[in-house]
Amino acid sequence: MEQLIAQIRACTVCAGHLPFAPRPVFQVSPNAKILIIGQAPGLKVQQTGIPWNDQSGNTLRRWLGVSNEQFYDPNLFAIVPMGFCFPGTGKSGDLPPRPECAPLWHGPLLAQMPGITLTLLIGQYAQRYYLKTPATMSLTETVRDFESFLPRYLPLVHPSPRNKIWHKKNPWFEAGVVPQLQAIVHQRIQ
């Protein structure tokens, strides 16, 4: 695992496509119980090197019902984004995660974490990659149907402040999905 971590930290495969020098941001341990697969680090996360160290992370930790100490314990949570480095900014927010990362690094990392009992798929990129949902299936439909993907996967909407409109239109998420998510997470990290 240490050798693999060093290889990922030294990765420059997509350097020519990034606005900054590559700085892969992730958290792994062979003892991890829950895997969080998000999109890609935002600018603040890229600058600090700490995964989910932003407003989105605060919301995600609230949804999970865990403390910062629990969240950043790699023996509890592995954090492996679809794109390991900040991809840059586009017209309506951050660019999509670089497509090179997941095929290159996810398989070797997952092989080193046999204790993963739940994978949280945050956002459409992770959900399409792992669930193979058809392009006609919306993120809302996938998240609403989360129980059909259990016990292995649990799809979530991204906790970004940019999704406030989605949350207003879908109050069932906070009312129904978040309490079940918290119960499942607490059961898995005991």
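This report concerns the structure included in the present document.

Each value, and the rule that gives it
- Per chain, residues are indexed from 1 in the order of the written sequence.
- The predicted nature of this model means local features are confined to residues of pLDDT at least 70 and side-chain atom pairs, given and counted, to a pLDDT of 80 or more, with totals for whole chains, interfaces and linings taken over all residues.
- To obtain the side-chain values, all non-hydrogen atoms of the structure were used and water was disregarded.
- All axes here are fitted lines through C-alpha atoms, helices being fitted over the stretch that makes contact, and every angle between N-to-C directions spans 0 to 180 degrees.
- Elements are defined by DSSP. Helices are runs of H or I of four residues or more, strands are runs of E of two residues or more, and each kind is numbered from the N terminus.
- With respect to orientation, any angle under 35 degrees is reported as roughly parallel, any angle over 145 as roughly antiparallel, any angle of 65 to 115 as roughly perpendicular, and every other angle as oblique.
- Any pair of residues with heavy atoms lying within 4.5 Å of one another is described as a contacting pair.
- Each residue is assigned to one of three groups, with Ala, Val, Leu, Ile, Met, Phe, Trp, Tyr, Cys and Pro labelled nonpolar, Asp, Glu, Lys and Arg labelled charged, and all others, Gly among them, labelled polar.
- Buried means the residue's accessible area, taken with a 1.4 Å probe over protein chains only, is under 20% of the maximum for its type, while exposed means over 50%, and partly exposed covers the values in between.
- Throughout, the arc means that of the directions going from the helix axis to the C-beta atoms.
- A pairing counts as a salt bridge when a side-chain nitrogen of Lys or Arg comes within 4 Å of a carboxyl oxygen of Asp or Glu.
- Lys and Arg are tallied as positive, Asp and Glu as negative. Neither His nor the chain termini are counted.
- Put simply, buried Ala, Val, Leu, Ile, Met, Phe, Trp, Tyr and Cys residues joined by side-chain atoms within 4.5 Å make one nonpolar core.
- We treat two strands as partners when DSSP finds at least two bridges between them.

1. Concerning the packing of helix α3 (residues 55–64) against helix α9 (residues 172–189)
For step 1, the next point in the chain: Their axes nearest at 7 Å, the elements α3 and α9 cross at an angle of 75°. One way to sum up the angle between α3 and α9 is to call them roughly perpendicular. Judged by residue contacts, Arg62, Trp63 and Leu64 of α3 engage Phe173, Glu174, Val178, Leu181, Gln182, Val185 and His186 from α9.
For step 2, the next point in the chain: Classifying every residue of the contact of α3 with α9 by side-chain character gives six nonpolar, two polar and two charged.

2. Focus: helix α5 (residues 101–111)
For step 1, the next point in the chain: Along α5, the residues that are buried comprise Cys101, Ala102, Trp105, His106 and Leu109. The buried residues of α5 all sit within an arc of 110° when viewed along its axis, so they share a single face. Every exposed residue of α5 that faces more than 90 degrees away from the buried side is listed here: Pro103 and Ala111.
For step 2, the next point in the chain: The elements touched by buried residues of α5 are α1 (2–9), β1 (34–37) and α6 (124–131).

3. Things to note about the pattern of salt bridges
For step 1, the next point in the chain: On inspection of all chains with the given rule, the structure shows two salt bridges.
For step 2, the next point in the chain: Among the ionic pairs, arginine 98 bridges to glutamate 100, the shortest N-O distance being 2.8 Å.

4. A short note on the side chain of aspartate 54
For step 1, the next point in the chain: Structurally, aspartate 54 can be placed in the loop between α2 (43–48) and α3.
For step 2, the next point in the chain: Of the buried charged residues, aspartate 54 lacks a salt bridge, with arginine 61 as the closest side chain of opposite charge at 6.2 Å.

5. Side note on the nonpolar core
For step 1, the next point in the chain: Counting 28 residues, the largest nonpolar core has Ile36, Leu60, Leu64, Phe77, Leu120, Leu156 and Phe173 as its most contacted members.
For step 2, the next point in the chain: Put simply, the parts of the chain that give this core at least two residues each are β1, α3, β2 (77–79), β5 (118–122), α7 (139–144), β6 (153–156) and α9.
For step 3, the next point in the chain: Ranked by residues supplied to this core, first place goes to α9 with seven residues.
For step 4, the next point in the chain: Apart from residues lying up to four places away in sequence, isoleucine 36 is in contact with Trp52, Leu60, Leu64, Phe71, Phe77, Ala78, Ile79, Val80, Leu120 and Ile122.
For step 5, the next point in the chain: Of all hydrophobic cores here, the second largest spans 23 residues; its members include Ile8, Cys11, Val28 and Leu131.

6. Topic: the sheet that holds β2
For step 1, the next point in the chain: The sheet built from four strands is open, its strands ordered β2-β1-β5-β6 with parallel pairing. Among the strands making up the open sheet, the edge pair consists of β2 and β6. Sheet twist, expressed as the average angle between the axes of neighbouring strands with direction ignored, equals 20°.
For step 2, the next point in the chain: Together, β1, β5 and β6 form the strand contacts of α6, whose direction differs from that of β5 by roughly 130°.

7. Comments concerning unusual backbone geometry
For step 1, the next point in the chain: Looking along the chain, the bond that leaves leucine 150 and enters proline 151 is cis, with omega of 10°.
For step 2, the next point in the chain: With respect to the helices and strands, the residue proline 151 is situated in the loop between α7 and β6.
For step 3, the next point in the chain: The phi torsion at tryptophan 52 lies on the positive side, around 55°, for a residue other than glycine.
For step 4, the next point in the chain: Tracing the backbone through its elements, the reader meets tryptophan 52 in the loop between α2 and α3.

Read these as spatial facts, not as claims about activity.
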